[in-house]
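# Structural overview
Listed below, chain by chain, are the residues.
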Amino acid sequence: MLRVKTASFFLLCVCLWLCLQSLWDFVTAEEPLIKSPFFPVLFSFTAYMAFCLPYIALDFLSIRLPNLRKYKIQPQNYPTLAMMVPCIIQSAYHHVVLIFPVTFLHWYWRPMNLPVIAPELPEVLLEVGVCLLLFDFEYFLWHLLHHKVPWLYKTFHKVHHKHVSTFALTTQYSSVWELLSLGFFAAINPVLLGCHPLTEMIFFLVNIWLSVEDHSGYDLPWSTHRLVPFGLYGGAPHHDLHHLKFKSNYAPYFTHWDKLFGTFTESHSN
Ligand SMILES: [Zn+2]
Ligand SMILES: [Zn+2]
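Everything numeric in this text was worked out from a predicted model, so none of it was measured.

Looking now at the overall build of the protein chain. The helix and strand inventory of the protein chain stands at 12 helices and 0 strands. Helices and strands appear in the protein chain in the N-to-C order α-α-α-α-α-α-α-α-α-α-α-α. Computed over the C-alpha atoms, the radius of gyration of the protein chain is 19 Å, within 12% of the 18 Å expected from 2.2 N^0.38 for a compact globule of 270 residues. Reported as C-alpha extents along the three principal axes, the dimensions of the protein chain are approximately 55 × 45 × 40 Å. Per-residue burial for the protein chain yields a buried fraction of 46% across its 270 residues. A sequence separation of at least 24 residues applies to 72% of the contacts in the protein chain between residues at least 6 apart. Carbon together with sulfur atoms contributes 74% to the accessible area of the protein chain, which is approximately 14,500 Å² in total. Taken as two groups, the 16 positive and 17 negative side-chain charges of the protein chain have centres that lie 14 Å from each other.

Take a look at the structure:
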């Protein structure tokens, strides 16, 4: 099984290597759209909803199909349409009234420069990996602080804990301050590292995907935590447990910070 996964990963890397320049040429052909002040908010909301959709479909299918239900982390708790709709409305509202003004200011002060040459694959992999590790650390500290200080928890983080059983659309169900903080952590790291715009876009996509997967409520055979070896990555079961029990698993993706700080819990029975 490990050999198949390694071979698939290697094949994916070769394909990506060959595709990066073509992909970048395809992206830059849409320069007016990419440079438009509306692009970041459209990109963010479209990617978020596109990544949520398969899990929304899975929620409606797996409640009827036991073969799929076995992958649900809390099979006794299923989201209803009445729970999903407010999440979609809140996310759309935040994108329009909060994320758009911020990205507009960013567009005004730091116009996007589109180089002709795409980045090299090793550079993309390294920088996306470093951005993820930095984001993981920054959110771990923010998250720990917002659980340890009762006023911070009540005022800013409690809203994200409305649902003790997560489903994909709970990913961005949070306060304005939490959304702005996470957006800032995600945006600042590629800037600090001087990433190519394509690397930055890939990082944003990976970050949105991983955060949706974290909240999906499913432990699927191809989930990221099953692909990363040695228990280095917590993923959906790790974050689902945080929503269920509140007092552990503060890092969004990796497990090392929780292990170092003694806040790591491995299973739902602990
Ligand atoms: Zn929390
Ligand atoms: Zn969460």
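Turning our eyes to something else, we now look at the nonpolar core. Ranked by size, the top nonpolar core spans 26 residues in total, and within it W24, I34, L132, F135, M201, F203 and Y253 carry the most contacts. For this core, the elements supplying multiple residues, two or more each, are α1 (2-28), α3 (39-62), α6 (121-148), α8 (176-193) and α9 (197-215). Of all hydrophobic cores here, the second largest spans 18 residues; its members include L58, C87, I208 and L220.

What follows covers the packing of α3 against α9. Running from N to C, α3 and α9 point in directions that differ by 35°, and their axes come no closer than 10 Å. Both α3 and α9 take part in a crossing whose hand is right-handed. Each of F39, F43, S44, A47, Y48, F51, C52 and Y55 in α3 lies in contact with α9, whose residues at this interface are M201, F204, L205, I208, W209, V212 and E213. Class assignment of the residues belonging to the contact of α3 with α9 gives a composition of 13 nonpolar, 1 polar and 1 charged.

The coordination sphere of the zinc ion (ligand 2), as far as protein atoms go, consists of H160 (NE2), H215 (NE2), H239 (NE2) and H243 (NE2), spread over 2.0 to 2.1 Å. Here the zinc ion (ligand 2) binds 4 donor atoms, and the angle range of 90 to 161° at the metal identifies the geometry as irregular.

Our next topic: the UniProt feature "transmembrane region" (unreviewed entry) in the protein chain. Taken from the UniProt record, the annotation "transmembrane region" (unreviewed entry) applies to residues 39-61, 81-104 and 124-145. As annotated, residues 39-61 has a helix share of 100% and a strand share of 0%, and its two end C-alpha atoms lie 33 Å apart. Across residues 124-145, helical content stands at 100% and strand content at 0%; the span's end C-alpha atoms are separated by 31 Å.

This part is about the coordination of the zinc ion (ligand 1). Taken together, the protein donors to the zinc ion (ligand 1) comprise H143 (NE2), H147 (NE2), H157 (NE2), H161 (NE2) and H242 (NE2), at separations of 2.1 Å. Spacing between the donor residues of the zinc ion (ligand 1) along their common chain follows H-x3-H-x9-H-x3-H-x80-H. Of this pair, H147 sits in helix α6 while H242 is found in helix α11 (residues 235-245), placing the two residues 95 residues apart along the sequence. You can call H147 buried: its relative accessible area is 16%.

So, about the environment of A118. Inspection of the secondary structure assignment puts A118 in the loop between α5 (81-109) and α6. Taking the C-alpha atoms as reference points, A118 and L220, 102 residues apart in sequence, are found 33 Å from one another.

In this structure the tally under the stated criterion is 20 aromatic pairs. Here F38 and F100 contribute two aromatic rings whose centre-to-centre distance is 5.3 Å and whose plane-to-plane angle is 0°, an arrangement assigned as stacked. One end of the pair, F38, is in the loop between α2 (31-34) and α3; the other, F100, is in helix α5, with 62 residues separating them in the sequence. The class for F38 is partly exposed, based on a relative accessible area of 47%. Judged by its relative accessible area of 22%, F100 is partly exposed. Centroid distance Y108 to W109: 6.0 Å. Interplanar angle 75°. Geometry classified as edge-to-face. Cluster of aromatic residues (ring-pair linked, three or more members): F135, Y139, W142, Y233, Y253 and F254. A cation sits over an aromatic face here: K72 above Y78, 5.2 Å from the ring centre.

Quick notes on the rules
Residues numbered from 1 in each chain as written. Chains lettered and ligands numbered in written order. Predicted model: local features only at pLDDT ≥ 70, side-chain atom pairs only at ≥ 80, totals over all residues. Heavy atoms only, no water. Helix = DSSP H or I, 4+ residues; strand = E, 2+ residues; numbered from the N terminus. Rg over C-alpha atoms; globule rule 2.2 N^0.38 Å. Buried < 20%, exposed > 50% of the residue type's maximum accessible area, 1.4 Å probe, protein only. Contact = heavy atoms within 4.5 Å. Areas by Shrake-Rupley, 256 points an atom, 1.4 Å probe, with all protein chains shown as cover. Lys, Arg positive; Asp, Glu negative; His and termini not counted. Charge placed at Lys NZ, Arg CZ, Asp CG, Glu CD. Core = buried A, V, L, I, M, F, W, Y, C linked by side-chain atoms within 4.5 Å. Axes fitted to C-alpha atoms, helices over the stretch in contact; angles between N-to-C directions. Left-handed = near helix turned anticlockwise from the far one by under 90°. Nonpolar A, V, L, I, M, F, W, Y, C, P; charged D, E, K, R; others polar. Donors = N, O, S within 2.8 Å, 3.2 Å for Na, K, Ca; no water. Tetrahedral: all angles 85-135°; square planar, octahedral: opposite > 155°, others 65-115°. UniProt positions renumbered as here; feature names shortened; annotations may be inferred. Phe/Tyr/Trp six-rings, centres within 6.5 Å; stacked < 30°, edge-to-face > 60°. Lys NZ or Arg CZ within 6 Å of the ring centre and 35° of its normal.

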